[in-house]
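Residue strings, one per chain:
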Amino acid sequence: MSRTIRTVLGDMDPADAGAIDSHDHLFLSTPVLPGDGPFDEASAALELRAFSAAGGTLVQWTPRGLTRNMPALRRISESTGISIVCATGRHRAVVYPEGAREPGLDPRLLAAAFTEDIVKNACGLIKVGVGPECIAADEAGALHAAAVTHHTTGVPIAVHLEEGSASTSVIEALRADDVPERSIVLGHLGRNPSVGRILEAAESGAWLCMDTPSPRHTQNVDELARILATLIERGHLTQLLLGADTTAALLDADRPLFGPSGLFASVAPRLSELLGADAVRRMLIENPARAWSFDA
């Protein structure tokens, strides 16, 4: 077996991934985030063309049922030359519009849908959303479905942690289903105000995907650097990933401060000043190449 990253255009050698935005949303539509979408394909393509000056791969965390728009992702990847990794999975029930199919599926049906997405639709990660502090019963079922799918396909599991919390419960649930920590990516940890809680999550050995500033979360880059410096001092550099976590709909007035292009045009240079270029290279190239690859 060889390691591969599954993109919307097919499997890719991790060595060819280049610099990676490990968490973003070119397409996303949900009633809990009015104004984020739906939005047009041209805006997403424009952002990817700006991103292409420095980046090579974008990981889209939009799961099933929230307008992930896979046909458009394929067209944009072809036209821009940027590799796109698309998610299957299920978000928190509250994120879906009324009448959506995904919140009502039991774990068995979810696992079947996730597996079909990976095998037939070239999805490269399984995204599950969980609520703050505790995991609801349906979210536990989605995590179990993700674990079943992981064991069938090898694809990594990415978890939306509301407010950066509940990481311990997520790790315990996935460990109970024998998912190795290095196949787990924890998202939004940087939104937890407690650095101690972030360090606790880091001790699990899972990947830590830290958000960079966005129009909805304008955390100062210097503050992000202080959190990253603490993690690095404690020996967690090899677990760190960076993601812009925004949507093209919010970027037109703010490019290149935010989004995929902003990650490389403004955030990465400042982090390099504060943390060193080698640390930033690891977070944008070496670490994500391992985090998003699997044995195929």
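In every chain, residue numbers begin from 1 and rise along the written sequence. Whole-chain, interface and lining totals are the exception, using all residues; otherwise, since this is a predicted model, local features are given only for residues with pLDDT of at least 70 and side-chain atom pairs are given and counted only at 80 or more. Just so you know, side-chain values use all the structure's heavy atoms and leave hydrogens and water out.

With that settled, consider the overall build of the chain. Put simply, DSSP H or I for four residues or longer makes a helix, DSSP E for two residues or longer makes a strand, and each gets a number counted from the N terminus. In terms of regular secondary structure, the chain is built from nine helices and 11 strands. Both definitions apply: the radius of gyration is a C-alpha atom measure, and the globule rule equals 2.2 Å times residues to the power 0.38. For the chain, whose C-alpha radius of gyration is 17 Å, the value lies close to the compact-globule estimate of 19 Å for 296 residues. In terms of its C-alpha atoms, the chain occupies a principal-axis envelope of roughly 50 × 40 × 40 Å. Burial status across the chain gives 56% buried among its 296 residues. Considering only residue pairs separated by 6 or more positions, the chain has 77% of its internal contacts joining residues 24 or more positions apart. A 1.4 Å probe and the Shrake-Rupley method give the accessible areas. Residues count as covered only by the protein chains that appear here. Accessible area of the chain: about 11,100 Å², with a carbon and sulfur share of 52%. In the chain, the 25 positive side-chain charges and the 37 negative ones have mean positions that sit 2 Å from each other. When a residue's accessible area, from a 1.4 Å probe over protein chains only, is under 20% of the maximum for its type it is buried; when over 50% it is exposed; and in between it is partly exposed. We call two residues in contact when some of their heavy atoms are within 4.5 Å. In this count, Lys and Arg are taken as positive residues and Asp and Glu as negative ones, while His and the chain termini are left out. Think of each charge as sitting on NZ of Lys, CZ of Arg, CG of Asp or CD of Glu.

Another point: the environment of Pro132. Counting through the fold element by element, Pro132 comes out in the loop between strand E6 (125–130) and helix H4 (137–153). In this structure Pro132 comes out as partly exposed when scored by relative accessible area, which is 31%. Taking the C-alpha atoms as reference points, Pro132 and Glu162, 30 residues apart in sequence, are found 4.9 Å from one another. Ignoring sequence-local partners within four residues, the contact set of Pro132 consists of Arg92, Glu162, Glu163 and Ser165.

When a carboxyl oxygen of Asp or Glu lies within 4 Å of a side-chain nitrogen of Lys or Arg, that pair is called a salt bridge. All chains considered together, the criterion is met by 20 salt bridges. Note that Arg270 and Glu273 form a salt bridge whose closest N and O atoms lie 2.7 Å from each other. Taken together, the residues Arg270 and Glu273, both in helix H8 (residues 259–275) and three residues apart, mark about one turn of the helix. Classification of Arg270 as partly exposed rests on a relative accessible area of 28%. Of the residues examined, Glu273 reaches a relative accessible area of 59% and is grouped as exposed. Ionic contacts of the salt-bridge type, sharing partners, join the residues Arg64, Arg68, Glu102 and Asp117 into one network.

As a further point, take helix H9 (residues 277–291). Side chains that are three or four residues apart share a direction in an α-helix, a result of its 3.6 residues per turn. The end-to-end C-alpha separation of H9 is 20 Å, in line with the 21 Å expected for 15 residues at 1.5 Å each. Within H9, the axis deviates most sharply at Met283, by approximately 40°. Among all positions of H9, only Ala279, Val280, Met283, Leu284, Asn287, Pro288, Ala289 and Ala291 are buried. Lining the buried residues of H9 we find strand E1 (3–7), strand E3 (20–24), strand E9 (207–211), helix H7 (221–233), strand E10 (240–243) and H8. Each residue after the first adds 1.5 Å to the expected span of a helix. What the bend at a residue measures is the angle between two axes, fitted to the seven residues ending there and to the seven starting there.

Honestly, that's just the spatial picture; any functional story needs more than this.
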